[in-house]
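Tertiary structure, described
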Amino acid sequence: MAGWLEFEKPLLELEQRIDELRSFADSQNIDVAKELHRLEAKAEDLRRQIYGKLTRWQVTQIARHPRRPYTADYIRMLGVDFTELHGDRRFGDDEAMVGGLGFFGDRKVVIVGHQKGRDTKENIRRNFGMAHPEGYRKALRLMSLAGKFGRPIITFVDTPGAYPGIGAEERGQAEAIAYNLHEMSRLPVPIVVVVIGEGGSGGALGIGVGDRVLMLEYAIYSVISPEGCASILFRDAARAQQAAEAMKITANDLMGLGVIDEIVPEPAGGAHRDPERAARAVGEAIARHLSDLEAMSPEELVRKRLARLMAMGEFKEV
Amino acid sequence: MKDQLSWLRRRKRGIKEAKKREMPDGLWRKCEGCSEIIYHKELERNLWTCSKCNYHFRISAAQYRDVLTDDGSFVELLTGIESVDPLGFVDSKKYADRLVAAKKKTGHNSAVLTGSARVGGHLAMMAILDFAFLGGSMGSVMGEKIARLTRMAIEERVPLITLSSTGGARMQEGILSLMQMAKTSAMLAKLDDEGLLHVAIQAHPTTGGVTASFASLGDVIVAEPGALIGFAGPRVIQQTIKQDLPDGFQRAEFLLDHGMIDMVVHRKELKNAVVKVIDFFTDDRRGTAEDTLGQARKQGL
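Note that the structure is predicted; figures quoted are calculated from it, not measured.

1. Observations concerning a nonpolar patch on the surface
Residue and element names in this part refer to chain B.
- Together, Leu27, Trp28 and Tyr39 line one region of the surface with nonpolar side chains, adding up to about 270 Å² of accessible area.
- By the element assignment, Leu27 lies in the loop between α1 (2-20) and β1 (28-30).
- With relative accessibility at 41%, the residue Leu27 sits in the partly exposed group.

2. Structural notes on the interface of chain A and chain B
- Tallying the contact residues gives 47 residues for chain A and 61 residues for chain B.
- Here chain A and chain B share an interface that buries about 4,600 Å² over both sides, 73% of which is from carbon and sulfur atoms.
- The salt bridge involving Glu82(B) is made with Lys316(A); its shortest N-O contact spans 4.0 Å.
- Run the count over chain A and chain B and you get 16 residue pairs in polar contact (both at pLDDT 80 or more).
- Sorting the residues of the side of chain A that touches chain B by element identifies α7 (166-170), α8 (173-184), α9 (201-205), β7 (220-222), α10 (226-233), α11 (240-247), α14 (298-310) and β9 (315-317) of chain A as the ones contributing at least two each.
- Per-element accounting of the side of chain A that touches chain B gives the leading share, eight residues, to α8(A).
- By residue class, the composition of the side of chain A that touches chain B is 29 nonpolar, nine polar and nine charged.
- Taken together, the three bridges between β9(A) and strand β4 (residues 81-83) of chain B define a ladder with antiparallel strand orientation. If you follow Glu317(A) over to β4(B), its bridge partner there is Ile81(B).

3. Examining the pairing of strand β4 (residues 153-159) of chain A
Residue and element names in this part refer to chain A.
- Burial analysis of β4 places seven of its seven residues in the buried class, the great majority of the element.
- Judged by which residues are buried, β4 turns out to be covered on both faces: Ile153, Thr155, Val157 and Thr159 on one side and Ile154, Phe156 and Asp158 on the other are all buried.
- Pairing analysis gives four bridges linking strand β3 (residues 107-114) to β4, with the strands arranged parallel. Of the residues in β4, the one forming a bridge with Val112 is Thr155.
- Two strands pair when backbone bridges link them, and β4 and strand β5 (residues 191-200) are joined in this way by six bridges, in the parallel orientation. In the sheet register, Ile153 faces β5, and the bridge partner there is Ile191.

4. A look at unusual backbone geometry
- Between His204(B) and Pro205(B) the backbone carries a cis peptide bond, its omega angle lying at -15 degrees.
- Structurally, the position occupied by Pro205(B) is in strand β8 (residues 198-207).
- With a phi close to 55 degrees, Asn29(A) is a non-glycine residue in the positive phi region.
- Along the chain, Asn29(A) turns up in the loop between α1 (9-28) and α2 (33-52).
- A relative accessible area of 73% means that Asn29(A) is categorised as exposed.
- Non-glycine residue Ser201(A) carries a positive phi angle of around 55 degrees.
- Structurally, the position occupied by Ser201(A) is in helix α9.
- Ser201(A) gets classed as buried once you look at its relative accessible area, which sits at 19%.

5. What about the side chain of Arg56(A)?
Residues and elements named next belong to chain A.
- Along the polypeptide, Arg56 turns up in helix α3 (residues 56-63).
- A distance of 2.8 Å separates polar atoms of two side chains, one belonging to Arg56 and the other to Glu245.
- Engagement of the side chain of Arg56 in a polar contact is seen with the side chain of Asp253, the distance being 2.6 Å.

6. Thoughts on empty space enclosed by the protein
- Inspection of every chain in the model, using the stated rule, returns five cavities of 30 Å³ or more.
- Around the largest cavity, the lining is made up of 16 residues, and of these Ala174(A), Thr211(B), Ser216(B), Leu255(B) and Met260(B) lie nearest the centre.
- Per-element tally for the lining of the largest cavity: the top contributor is α8(A), with three residues.
- Among the residues making up the lining of the largest cavity, the classes are represented as eight nonpolar, six polar and two charged.
- One number sums up the size of the second largest cavity: a volume of about 60 Å³.
- Residue lining of the second largest cavity: Leu205(A), Gly208(A), Val209(A), Gly210(A), Val213(A), Tyr221(A), Val259(A), Arg308(A), Leu309(A), Met179(B) and Ala182(B), and that is the complete set.
- Sorting the residues of the lining of the second largest cavity by element identifies α14 of chain A together with α6 (174-193) of chain B as the ones contributing at least two each.

7. Let's talk about the state of the cysteines
All names here are of chain B.
- Evaluation of the coordinates by the stated rule reveals zero disulfides over all chains.
- You can see Cys31 has no disulfide; the closest cysteine sulfur is in Cys53, sitting 3.6 Å from it.
- By relative accessible area, Cys31 is classed as buried at 2%.
- Since its relative accessible area comes to 32%, Cys53 is described here as partly exposed.

8. Some points on the packing of helix α6 (residues 133-149) of chain A against α8(A)
Residues and elements named next belong to chain A.
- In contact at an axis separation of 8 Å, α6 and α8 are set at 20 degrees when each is read in the N-to-C sense. In terms of orientation, α6 lies roughly parallel with respect to α8. In this structure, the crossing between α6 and α8 has a hand that is left-handed. Two secondary-structure elements touch here, α6 through Pro133, Tyr136, Arg137, Leu140 and Met143 and α8 through Gln173, Glu175, Ala176, Ile177, Tyr179, Asn180, Glu183 and Met184.
- Among the residues making up the contact of α6 with α8, the classes are represented as eight nonpolar, two polar and three charged.

What counts, and at which threshold
Residues numbered from 1 in each chain as written. Chains lettered and ligands numbered in written order. Predicted model: local features only at pLDDT ≥ 70, side-chain atom pairs only at ≥ 80, totals over all residues. Heavy atoms only, no water. Patch = residues over 30% accessible without salt bridge, like charges linked within 9 Å, V, L, I, M, F, W, Y side chains within 5 Å. Areas by Shrake-Rupley, 256 points an atom, 1.4 Å probe, with all protein chains shown as cover. Salt bridge = Lys/Arg side-chain N within 4 Å of Asp/Glu carboxyl O. Helix = DSSP H or I, 4+ residues; strand = E, 2+ residues; numbered from the N terminus. Buried < 20%, exposed > 50% of the residue type's maximum accessible area, 1.4 Å probe, protein only. Contact = heavy atoms within 4.5 Å. Buried area = accessible area lost by both parts, 1.4 Å probe. Polar contact = N/O pair within 3.5 Å; in protein donor to acceptor, adjacent residues only side chain to side chain. Nonpolar A, V, L, I, M, F, W, Y, C, P; charged D, E, K, R; others polar. Pairing = 2+ DSSP bridges. 1 Å grid on protein atoms, 1.4 Å probe; cavity = no way out; pocket = protein on both sides within 12 Å on 5 of 7 lines; lining within 4 Å. Points joined across faces, edges and corners; volume = space filled by probe spheres on them. Disulfide = S-S within 2.5 Å. Axes fitted to C-alpha atoms, helices over the stretch in contact; angles between N-to-C directions. Parallel < 35°, antiparallel > 145°, perpendicular 65-115°, else oblique. Left-handed = near helix turned anticlockwise from the far one by under 90°.

Set out below in structure tokens:
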């Protein structure tokens, strides 16, 4: 059952039946092709039915799936020859944020991203992907290197949020994020942002300002976590489902609001069901956008990046 | 047990005392810091601070305008930009209804008052957040007004002054409110490119998405005494770490100790502090020190 979500259960049961039938047929040397075909068609239907109309809360669960590919997985699957660099030169090295130099195809790119842990031990080290100020400052240090040497930047966003703790406040969590927004807006190199899992509020945006913002099909991106919104506005954290619906946090929603530029399709059920395929789609999209952006002068890049941000928001003028 | 009883007794005495000193509405106010009963006129004279414990009462954007600007010099700008309900957001109330109520309550149509003014003789663009309007929260309108005002500061080549008093991003506008952080910060980078000054004032409270954007991007950052300033609210932090928070945590003085702000300034000195910073960084002095002092005196500073 590990790795399956509640709403996927009917599909899981069917897939198990198919597996059983196949191994039974193999062992008994019986031809069950017809029955298998029927069941597989049924599974395909069910898959379409379940994943075709996911609620925003179900998408949230996929975005947070413990087997979902994380930043380091994408770097590896994209075939990047990656040299990780460490530290913010101010306080420490935050393992909730990774960054470094990547040879990506025939490109040299700086990559930064939030990094969640795969198990409890790693999650403690990675602080569940919730960065401290030193994480944001490390990210900016590396992105500034990219700016200095004319290398494009790829960022992978996947965090529940910037860490809310005593040390984080003492060292200026708010300032660290604010300054990243300020500086990323004027880095003279292409920046492609990919929201791969959870885009948790200011902690996500802190490495999320770019020329192109892409979002995986089942990723989420929101101003506050559904739980946080529920506890403040609905006075009950348990009403996170309702908050997720109200805030409109899926890739489709954000495409409609003009906040992202492209939805990167995922395998049915989510990237974890076929990580290599998900990574190929991500790699293809990044390369395509980088090609576009590389044709622009630094001035044009920065001007258009600012214009893109200035267009964000809805209001009326009376 | 003994301790609990003594606490009860103390509380009882307190109640009696309060009753005895109850005064007609409007004439007197009880200090939220030290419980001192203060005559309204005295409070006004002290710019809504307690003369006994220095507690700074929360005041409206219009009151801050009067505290910070030269008499009659403020011209409100960008008044016609109003909120819509992009998500059709409903929690316990409809966002659309909350907007109507906030307008009625404050008499303003947004959570930020923007305009141009003279400050100690200097022309400046000024944005003052109004906590009374949905907690001074930043949605599309605040982002747009601050971005446009910053652009006006660039066009006029004058300093920008922001005063924050806010709970952060406006959740009812979802991701669009988050994007205002990037929008305002990006425009401030432009202001920086142009070699112009931003003085950021942080009043109680300055938290969340506003702190994580323009409020932390002042060339000089000034806070009012006792103001709560932070990224996450203390309740969220406590729930996360399940520990008691240190005394004075996230207060202006705490931020000063940790190197996050330049100064903590009493409201009565706030204007002078801002003027001095502008005096230093700008060459085109439009007033004299005597003017500034005279105006300050006239305002009872």
